[in-house]
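# Coordinate inspection notes
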Amino acid sequence: MANGTVAVSEKTFYEESTNKYSGILSWLLTTDHKRIGLLYLYTIGGFFLVGVVLGLLMRLELIAPGETIVDAQTYNSLFTLHGVIMIFLFIVPGLPAIFGNFFLPIQLGTNDVAFPRLNLLSWYVYIIGAVLVLISLVLPGGPIDTGWTFYIPYSVRTSTNVSLAIFAAFVLGFSSILTGLNFITTVHRMRAPGMGFFRMPLFIWSLYATAWIQVIATPVIGITILLVILERTFGVGIFDPALGGDPILYQHMFWIYSHPAVYIMILPAMGVVSEILPTFARRTIFGYKAIAYSSLAIAFVGYLVWAHHMFTSGISDTARWIFSLLTFIVALPSGVKVFNWVATLYKGSIDPKPPLLWVLSFIFLFSIGGLTGLVVGSLATDIHLHDTYFVVAHFHYVMFGGTGTIFIAGLYYWFPKMFGRMYNIKWANIAAALYFIAFNMLYFPKFILGYMGMPRRYFDYLPEFTTLQEISTVGSWLMAITIIIIVTNLIHAGLKGKKASANPWGGVTLEWQTTSPPPLHNFNRHVEVNHEPYDFSQLKELEYDSK
Amino acid sequence: MTQNEHTVSSEHSHAHVHRDDIGAKMGMWLFLFTELLLFGGMFLMYAVYRFQYQMDFKIAAMELSVSMGTLNTIILLTSSLTVALAITAIQKGNKFLAVLNLNITIIFALMFMVNKYYEWSAKFEHGLYPGSDEMLSLPNGQIMFYGLYYIMTGLHGLHVIIGVIILAIMLVLVIKDKITSDNYVKLENGGLYWHLVDLIWIFLFPLFYLIH
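Residues numbered from 1 in each chain as written. Chains lettered and ligands numbered in written order. Predicted model: local features only at pLDDT ≥ 70, side-chain atom pairs only at ≥ 80, totals over all residues. Heavy atoms only, no water.

## Considerations on helix α8 (residues 247-281) of chain A
Because an α-helix packs 3.6 residues into every turn, residues spaced three or four apart end up facing the same way. Residue and element names in this part refer to chain A. Convention followed: Going along the chain from the N terminus, every DSSP run of H or I of four or more residues is numbered as a helix, and every run of E of two or more is numbered as a strand. One less than the residue count of a helix, multiplied by 1.5 Å, gives the span that helix is expected to have. Note that the bend at a residue is defined as the angle between axes fitted to the seven residues ending at it and the seven residues starting at it. The cut-offs for exposure are 20% and 50% of the maximum accessible area for each residue type, with area from a 1.4 Å probe on protein chains only; residues under the lower value are buried, those over the upper are exposed, and the others partly exposed. Polar contacts here mean pairs of N or O atoms no more than 3.5 Å apart (in protein, one a potential hydrogen donor and the other a potential acceptor; neighbouring residues in sequence count only if both atoms are side-chain atoms).
The terminal C-alpha atoms of α8, which comprises 35 residues, lie 51 Å apart, in line with the 51 Å expected from a rise of 1.5 Å per residue. Taken as a whole, α8 carries its principal kink of about 35 degrees at W255. For α8, the buried fraction is high: 32 of the 35 residues fall into the buried class. A distance of 3.0 Å separates the backbone nitrogen of I248 from a side-chain oxygen at the start of α8, and that oxygen is part of D246.

Now the structure itself:
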C-alpha cells in the first residue's frame with residue numbers, strides 16, 4: 001500500500017516549473033524533459049500536418065493524367081518538401097524526441113535526462129532547422145526540387161534554394177546527435193537503483209539502439225551535405241566528373257547515413273509496440289532478451305546495407321550481391337521481433353483498447369512493408385522495380401504504416417499519462433478501423449502500379465494507370481478524414497476529457513506508477529526497482545481499477 | 001502513513017545542481033566520436049581519390065610546404081601539452097599555473113591559424129584555389145588533391161577556431177573560480193576537445209604533406 005500511493009495534493013509538472021517564470025517563458029526556458037517533450041509534440045505534430053497537406057496535394061494532382069492542379073515544377077517541389085518535412089522534421093525526431101523525452105527518464109525511474117539544458121538546446125536547434133526549411137520556400141530561386149535524396153549532379157546544377165534547405169537538414173542532424181548522446185548518457189548513468197540493463201523496458205532498449213545510430217551515422221550526412229554546399233558555392237569538384245570527381249561517391253556517402261536513418265525511424269516504434277503489447281495482453285513480453293538484442297542487431301547490421309539503394313547505379317556485381325545478402329540478414333532480427341510480438345498475444349488476456357488496435361494494424365502493415373523490402377532487396381527483382389511506385393509503396397508501408405501508425409498508437413497509449421485526461425474510446429476505435437482501410441486504399445494500389453511500371457516522382461502518367469491512381473487518391477481523402485478525427489478527439493480530450501487515473505490501462509512499467517500527469521520530479525517517492533519490467537504480478541499492488 | 005519519509009520533495013531544490021562528472025565526460029566522448037565520424041567521411045573520400053589518382057596526388061603534395069606543416073604540427077602538439085598541464089594545475093589547486101597554461105594554449109592556437117593564413121595566401125597568390133583558371137588547367141587528380149586539401153584543412157581550421165572559443169570560455173571560468181580543484185570536469189572536457197583538434201591534425205599532416 002505504501003509503495004504505490006501518491007499524495008493527491010502534489011502539484012503536476014504543469015503547475016510547477018523548473019524556472020522562476022510563469023506562462024509562455026516557463027515553457028520556452030524549461031529544462032523539464034516532460035515539457036520539452038510536449039514542445040516537440042506540438043512542433044513536430046504541426047509539421048506532420050504540413051507534410052500531410054503536401055501529400056494530399058500530390059495525390060490530388062495525380063487523380064487524372066496530365067496537369068490537374070499544379071505544373072511539373074511545382075510537383076517536383078511538392079514531393080521534395082513532402083519528403084524533407086516528413087523525414088527530417090517528423091519521422092526522424094518524432095518518437096525519440098516526443099515520447100523518448102517524456103518517458104525515458106520516467107521509465108528509468110529518474111527525474112530528468114543527463115543533460116537537461118542540452119535537451120532544451122536540441123529543441124531550439126530543431127526549431128532553427130525547421131525555420132530554415134520554411135525560409136528556403138519563400139526566398140527567390142524557389143523551393144528545393146531535387147527529391148529528399150539531393151542527388152548529385154542535379155542538386156548542384158539546379159537554381160532552386162538547395163543550399164539553404166540542405167543546410168537545414170545539417171542543423172536538424174545536430175539536434176538529432178545531441179538528443180542521441182543525451183539519451184545514451186542517461187541510460188548509462190541515471191537508472192534507478194535496482195534497474196539493471198535487463199530490467200529496462202524495451203522502449204528504452206530501442207531508444208538506446210536508436211541513439212547509437214544517431215550518434216554514429218548522422219555526422220556522415222553532415223559532412224556530405226557540407227560538401228554539396230561547398231560544390232554549389234565554390235565548385236570544388238569532389239563529385240563533379242568534369243573535374244575528376246565521382247557522383248556515385250555522393251550516393252554512397254548519402255546512404256551511409258540515410259539507410260541507418262530508416263532504423264532511427266523504425267526502432268523506437270518497435271520499442272513502443274513492445275510496451276503496448278504486454279500491457280493489453282496482461283502478460284510479460286515473449287522473448288524479452290531476443291527483442292532487446294535484436295534492436296542492437298538491427299542497429300549494427302543496418303549500418304552495413306546502404307548500397308542496396310544503388311543496385312542500378314553501376315556499382316560492381318560483387319558489391320551488389322554482398323549488399324543484397326546483408327539486406328536479407330537485416331530481415332532476421334526484424335522477423336524475431338514480429339514473431340515475439342505475435343507470441344506475446346498467445347494465451348494473453350487480451351484487452352482490445354485503441355492502442356492495441358493500432359499495434360495490430362502496425363504488425364500487419366509493417367509485415368507487408370518488410371516483406372516487400374525483400375522484393376526490392378533482391379537483385380533481379382530490383383532491376384525491374386527500382387525507382388517505381390513499388391518502392392514508394394514499400395517505403396510508405398514501412399515508414400507510415402510502421403512508424404506513423406505507432407506514433408498514433410503511442411499518442412493513444414500515453415495521452416492519459418501526458419495530459420491526465422482520457423479521450424473518447426469509441427471515436428478512437430472508429431479512427432483505428434478507418435485508418436486501416438484508408439491506409440491500404442492509399443498505398444496498396446501503388447504496389448500494383450509500380451509492378452506495372454509507373455515510375456516514382458512523375459506528375460503525369462499513362463491512361464491505363466488511371467483507375468488505380470484514383471483509388472489511391474480517394475484513399476488519401478479517407479486518410480485525411482481519419483487524421484482529422486484523431487486530432488479532434490485528442491484536442492477535445494486535452495481540453496474537456498474526463499480525468500484519467502494514474503494507471504488507466506493496467507500497465508506495470510514505471511510511468512504507470514506515478515500520477516497522471518506526473519509531478520515535476522516524476523515520482524513522489526523513492527524509486528527502487530525489484531521486478532522485471534513486464535511482471536504483471538505487481539498489478540494487484542498498483543491499484544489498477546479494471547473498470 | 002509514512003508518506004513524508006518517502007517523498008523526495010525535500011531534495012527538489014538540489015535536483016538541478018545534481019552533478020555527474022563521469023556522465024559529463026561520457027557525453028563529451030560521444031560528441032568527440034561524432035566529430036571523428038564527420039572527419040571520417042572526408043578521410044574515406046581521401047582514400048578513394050588517393051587510390052584513383054596516385055601519381056597526381058604525389059605531384060600535388062610536393063607543392064605543399066613541409067616546413068610550414070611541421071612547424072604547425074609542433075605548435076599544435078605543444079598546445080595539447082599545455083592544456084593538459086592546465087588541467088593538472090587546477091587539480092592541484094594552482095590557479096596561476098592553470099591560467100598561464102591556458103593562455104599559452106590559446107596563443108599557440110592563434111599562431112597555428114596565422115601560419116595557416118600565410119600558407120593559404122601563398123597558394124592563392126599562385127592562383128591555386130577552387131575554381132581558378134590556374135587550378136582548372138591542372139590534371140583532374142591534382143584538382144582533387146587541392147580540393148580535399150582546402151576542405152579538410154579548412155574544416156580543421158574551423159575546429160581550431162571553435163577550440164579557441166572554448167578555451168577562452170574555460171579561461172574565464174577558471175579566473176572566476178567556477179572551475180576549481182574539486183570541480184574541473186568542464187576544463188577536462190574542453191581539453192578533450194582540444195586534443196581532438198590536435199589528433200585530427202596528426203592525421204592530416206602526413207596525408208597531405210609527408211606522403212610523396
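Next, the rest of the story.
## Concerning the nonpolar core
As a reminder of what qualifies: Nonpolar cores are built from buried Ala, Val, Leu, Ile, Met, Phe, Trp, Tyr and Cys residues. Side-chain atoms within 4.5 Å join them into one set. Between two residues, a contact is recorded if the distance between any of their heavy atoms is within 4.5 Å.
Core analysis: the largest hydrophobic core is formed by 253 residues, its most contacted members being F99(A), I238(A), W341(A), M418(A), L148(B) and F208(B). Dropping the residues within four chain positions of it, M418(A) is found in contact with F13(A), Y14(A), L38(A), L41(A), I98(A), F99(A), F102(A), F103(A) and P517(A).

## Describing the confidence of the model for chain A
Close inspection of predicted coordinates is inappropriate for parts of the model with low pLDDT. What counts here: Confidence of the predictor at the level of single residues is given by pLDDT, which spans 0 to 100.
Summarising the model, chain A shows a mean pLDDT of 93, and 98% of its residues fall at 70 or more. Within the model, pLDDT remains below 50 along residues 1-9 of chain A, and this stretch shows 11 contacts once partners closer than five positions in the same chain are excluded.

## Considering the interface of chain B and chain A
The extent of an interface is frequently quoted as the accessible surface area lost upon association of the parts. To be explicit about the condition: The term buried area refers to how much accessible surface (probe radius 1.4 Å) is lost by two components on association, counted for both of them together. Salt-bridge detection follows one rule: a side-chain nitrogen of Lys or Arg within 4 Å of a carboxyl oxygen of Asp or Glu. Each residue is assigned to one class: nonpolar for Ala, Val, Leu, Ile, Met, Phe, Trp, Tyr, Cys and Pro, charged for Asp, Glu, Lys and Arg, and polar for all the others, Gly among them.
In this assembly, 38 residues from chain B lie in contact with 49 residues from chain A. Summed over both partners, the interface of chain B with chain A comes to about 3,500 Å²; 73% of that surface belongs to carbon and sulfur atoms. The interface formed by chain B and chain A contains 1 salt bridge. Measuring nitrogen to oxygen at the nearest pair gives 2.9 Å for the salt bridge that ties D20(B) to R189(A). Put simply, chain B and chain A have 4 residue pairs in polar contact (both at pLDDT 80 or more) between them. Elements with a contribution of two residues or more to the side of chain B that touches chain A: α1 (3-6), α2 (21-52) and α7 (140-175) of chain B. Here the side of chain B that touches chain A gets 17 residues from one element, more than from any other, and that element is α2(B). Considering only residue class, the side of chain B that touches chain A consists of 24 nonpolar, 13 polar and 1 charged.

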